[in-house]
Amino acid sequence: MKDDREVRPCYAYRDSRTQAVIGKVHEKIPFAELYRRTGIQLQPFNTIYQLYADKLSGRLNGVTDFLMIPEYLLYKLCGAKSHEYTNATTGGMVSAVTGEFDSEIISKLGLPPHLFHTLQRPGEVIGEYEGIRVILCATHDTGSAVEGIPMEDNAPYISSGTWSLLGVRTDRPLTDDASRLANWSNEGGVGYNRYQKNIMGMWLANCLREELCPGRPWSEITDEAERSRFGETVGANEEGFLAPASMKAAFDSALSEKPTCVGDYFRCAYRSLALSYRQALEELERHTGQRYDSLYIVGGGAKNGFLNRLTEETTGKKVMALPMEATAIGNLKIQMEADK
């Protein structure tokens with residue numbers, strides 16, 4: 001923002017503009033060092049690459065404030081320019097040690113230091129709206145979703161939506177080489193670290209539906225997928241599925257056998273996701289040194305009974321699917337606890 005004016009245009013995070021600058025960022029700070037400092041997985045849409053692209057294009061000239069989307073919405077609600085911890089950690093610029101923006105990263109990239117403020121934690125009061133106190137939640141949706149899961153013990157979770165965020169709560173970030181090489185992330189939680197991994201998620205199915213059978217009920221789609229006997233799978237997390245012009249074409253190019261019906265595509269997508277979950281859980285157990293027997297699944301994807309069954313069969317974990325809006329529940333929980 002420039003004072004109270006937004007800098008436009010606004011880019012979707014799947015926009016490819018950051019591809020040209022990722023290597024330039026790593027020339028200044030090798031990714032191994034970035035990971036050691038922040039513990040954040042390499043994703044082309046990370047804030048660090050977005051802001052460096054903005055710097056090189058001149059979009060940061062004269063900018064007075066940097067607000068992430070939830071903070072911008074809060075600003076429109078109550079006028080406060082807040083800087084919330086859980087969402088900030090996801091961008092690759094917050095120290096895994098201090099929990100604040102890493103000034104050395106900011107300096108090496110030549111970013112304006114006045115854009116990076118002391119981070120506020122969930123539960124802090126930041127302003128008022130018509131006499132009602134405005135309280136920060138965990139503004140990263142998965143941060144709030146994890147708070148909304150009624151766990152009996154500390155088990156792995158999948159926040160299943162456009163992305164499948166698979167992780168577990170840990171006492172501290174894990175920034176070792178094994179975590180870096182497997183592209184795990186350490187993101188802020190409410191009093192704990194979220195050690196988790198981005199998996200492509202229901203984006204695959206959503207794009208296939210829009211292209212192959214727009215508007216068709218999900219119940220019919222999953223029934224047809226369950227009846228299919230298509231045997232191949234794809235690497236669900238491969239870059240070619242991030243933002244393809246055609247999701248159908250992306251599947252076709254990754255498969256040696258061409259699907260013959262709609263159900264084949266969706267069966268392939270769901271089985272590929274379940275295999276990705278198994279691989280991630282195996283990595284999680286190796287990295288944490290813990291063995292887990294159960295897996296919580298929340299969010300819109302938890303309504304997909306076929307995928308839940310595939311996940312249970314493929315991972316060998318007891319799946320507890322809670323088809324609820326865990327993000328909204330966690331948001332309310334944080335605000336209610338802060339208001340006691």
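Just so it is clear, the model here is predicted, and its values are computed rather than measured.

1. A look at the nonpolar core
Ranked by size, the top nonpolar core spans 78 residues in total, and within it F116, L166, L204, M247, F251, F266 and Y270 carry the most contacts. Take this core: its biggest share by element is twelve residues, from helix α12 (residues 262–288). Apart from the residues lying within four places of it in its own chain, the contact partners of F266 are A205, L208, R209, C213, W218, I221 and A225. If you look at the next biggest cluster of nonpolar residues, it comprises ten residues, including A145, V146, M151 and V298.

2. Focus on the sheet that holds strand β4 (residues 164–170)
Sheet architecture is open: six strands sit in the order β5-β6-β4-β3-β7-β8, paired in mixed fashion. Each having just a single partner strand, β5 (185–188) and β8 (318–322) make up the two edges of the open sheet. On average, each strand axis in the sheet is tilted by 30° relative to the strand beside it, whichever way the strands run. Relative to strand β7 (residues 294–298), strand β3 (residues 157–160) is paired through three bridges, and the arrangement is parallel. When the sheet's bridge partners are listed, I158 is paired in β7 with I297. Helix α13 (residues 305–315) rests against β7 and β8 of the sheet, and its axis sits at about 155° to β8.

3. Quick notes on helix α1 (residues 19–28)
Those residues of α1 not exposed but buried are V21, I22, V25 and H26. On an axial view of α1, the arc spanned by its buried residues comes to 145°, and they lie on one face. Residues of α1 that are exposed and point more than 90 degrees away from the buried face comprise A20 and E27. Contacts made by the buried residues of α1 are with α2 (31–38), α3 (47–57) and α6 (103–109).

4. A look at the pattern of salt bridges
All chains considered together, the criterion is met by 21 salt bridges. In this structure, E33 engages R37 in a salt bridge whose closest nitrogen and oxygen atoms are separated by 3.8 Å. Of this pair, E33 and R37 both sit in helix α2, four residues apart, which is roughly one turn of that helix. The partner of R216 in a salt bridge is E220, with the nearest N and O atoms 3.3 Å apart. Here E220 falls in the partly exposed class, since its relative accessible area comes to 38%.

5. Focus on the pairing of strand β1 (residues 125–129)
Here four bridges tie β1 to strand β2 (residues 132–135), and the two strands are oriented antiparallel to one another. Bridge pairing links V125 to I135 in β2. Two successive antiparallel strands, β1 and β2, enclose a turn made up of two residues, where E130 displays a positive phi of approximately 50°.

6. Some details on the packing of aromatic side chains
Inspection of every chain in the model, using the stated rule, returns eleven aromatic pairs. Taken together, the ring pairs in this structure connect W218, F266, Y270 and F306 into an aromatic cluster.

7. Some thoughts on the packing of α12 against α13
Interhelical geometry of α12 versus α13 gives an angle of 40° and a closest axis separation of 9 Å. One finds that α12 runs oblique with respect to α13. Considering how the two elements wind past one another, α12 and α13 form a crossing that is right-handed. The residues of α13 that touch α12, namely those facing R267, Y270, R271, L273, A274, L275, Y277, R278 and L281, are F306, L307, L310, T311, T314 and T315. Class assignment for the residues of the contact of α12 with α13 results in nine nonpolar, three polar and three charged.

The rules behind each value
Residues numbered from 1 in each chain as written. Predicted model: local features only at pLDDT ≥ 70, side-chain atom pairs only at ≥ 80, totals over all residues. Heavy atoms only, no water. Core = buried A, V, L, I, M, F, W, Y, C linked by side-chain atoms within 4.5 Å. Buried < 20%, exposed > 50% of the residue type's maximum accessible area, 1.4 Å probe, protein only. Helix = DSSP H or I, 4+ residues; strand = E, 2+ residues; numbered from the N terminus. Contact = heavy atoms within 4.5 Å. Pairing = 2+ DSSP bridges. Axes fitted to C-alpha atoms, helices over the stretch in contact; angles between N-to-C directions. Arc of directions from axis to C-beta. Salt bridge = Lys/Arg side-chain N within 4 Å of Asp/Glu carboxyl O. Phe/Tyr/Trp six-rings, centres within 6.5 Å; stacked < 30°, edge-to-face > 60°. Parallel < 35°, antiparallel > 145°, perpendicular 65-115°, else oblique. Left-handed = near helix turned anticlockwise from the far one by under 90°. Nonpolar A, V, L, I, M, F, W, Y, C, P; charged D, E, K, R; others polar.

Read these as layout, nothing more, since geometry by itself doesn't imply function.
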